[in-house]
Amino acid sequence: RPGAAAAAREALPLTWRSGWGYLLADGIALLAAGAGRAEAASRLLGYADAWYARHGDMRQPNEAALAARAAERVDIDRGAAPVAAWRAQGREQDDAAALALALSVLEGLAAEVQG
């Protein structure tokens, strides 16, 4: 739905600035994987991996399930070698780069819905 996509695009920067963006990265990665955007999905997963590692935390079951589904989808579509490199690149992203990537995924999905 275009309205839902617009609301998500508006809310996402606020969520990221408040420090909670990492919680959405796995879900957006799954959306990206489903849309055939393997690189974006992998980079978002890597970003979330790094956030959890930096904070000595781990994904809760719902985030872990989203991440596993996204990773599985990407591996099927692309194979392990490029995915590992993209995920490593994602671990090096800062919050601003991860937010920009997440927004690009949502904007792409919104364009598909409207197109």
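Residues numbered from 1 in each chain as written. Predicted model: local features only at pLDDT ≥ 70, side-chain atom pairs only at ≥ 80, totals over all residues. Heavy atoms only, no water.

## So, helix α3 (residues 38–54)
Basically, it comes down to this: Think of it this way: any DSSP run of H or I at least four residues long counts as a helix, any run of E at least two long counts as a strand, and we number them from the N terminus. Multiplying 1.5 Å by the residue count of a helix minus one yields the expected span of that helix. Categorising residues by exposure relies on relative accessible area from a 1.4 Å probe, with only protein chains included: less than 20% of the type maximum marks a residue as buried, more than 50% marks it as exposed, and the intermediate range marks it as partly exposed.
For α3, with 17 residues, the first-to-last C-alpha span of 24 Å sits near the 24 Å given by 1.5 Å per residue. The buried count for α3 comes to 13 of 17 residues, which makes it a mostly enclosed element. Backbone geometry just downstream of α3 places G56 in the positive-phi region, at approximately 60°.

## Quick word on the side chain of D26
Note the cut-off: Residue contacts are defined here by distance: any two heavy atoms, one from each residue, within 4.5 Å place the two residues in contact.
Position of D26 relative to the elements: it lies in helix α2 (residues 22–34). What makes D26 buried here is its relative accessible area of 0%. D26 has contacts with L45, A48, Y52, R59, E63, L66 and A67, leaving out every residue within four places of it along the chain.

## Topic: the side chain of S42
Here S42 is to be found in helix α3. Apart from residues lying up to four places away in sequence, S42 is in contact with V74, V83, W86 and R87.

## Overview of α2
Counted at 1.5 Å a residue, the expected span for α2 with its 13 residues is 18 Å, and the 19 Å between its end C-alpha atoms agrees. Listed in full, the buried residues belonging to α2 are Y22, A25, D26, I28, A29, L30, A32 and A33. G36, located one to two residues past α2, shows a positive phi value of around 80°.

## Quick look at the pattern of salt bridges
Let me state the cut-off plainly: In the sections that follow, a salt bridge refers to a side-chain nitrogen of Lys or Arg positioned within 4 Å of a carboxyl oxygen of Asp or Glu.
In the structure shown here, the tally under the stated rule is five salt bridges. Residue D49 is joined to R91 by a salt bridge in which the shortest nitrogen-to-oxygen separation is 3.5 Å. Taken together, the residues span a long stretch of sequence, with D49 in helix α3 and R91 in helix α5 (residues 80–91) at a distance of 42 residues. Given the relative accessible area of 17%, D49 is considered buried. For R91, a relative accessible area of 36% puts it in the partly exposed group. Each of D26, D49, R59, R87 and R91 takes part in a single network of salt bridges with overlapping partners.

Purely spatial values, then, with no claim about function.
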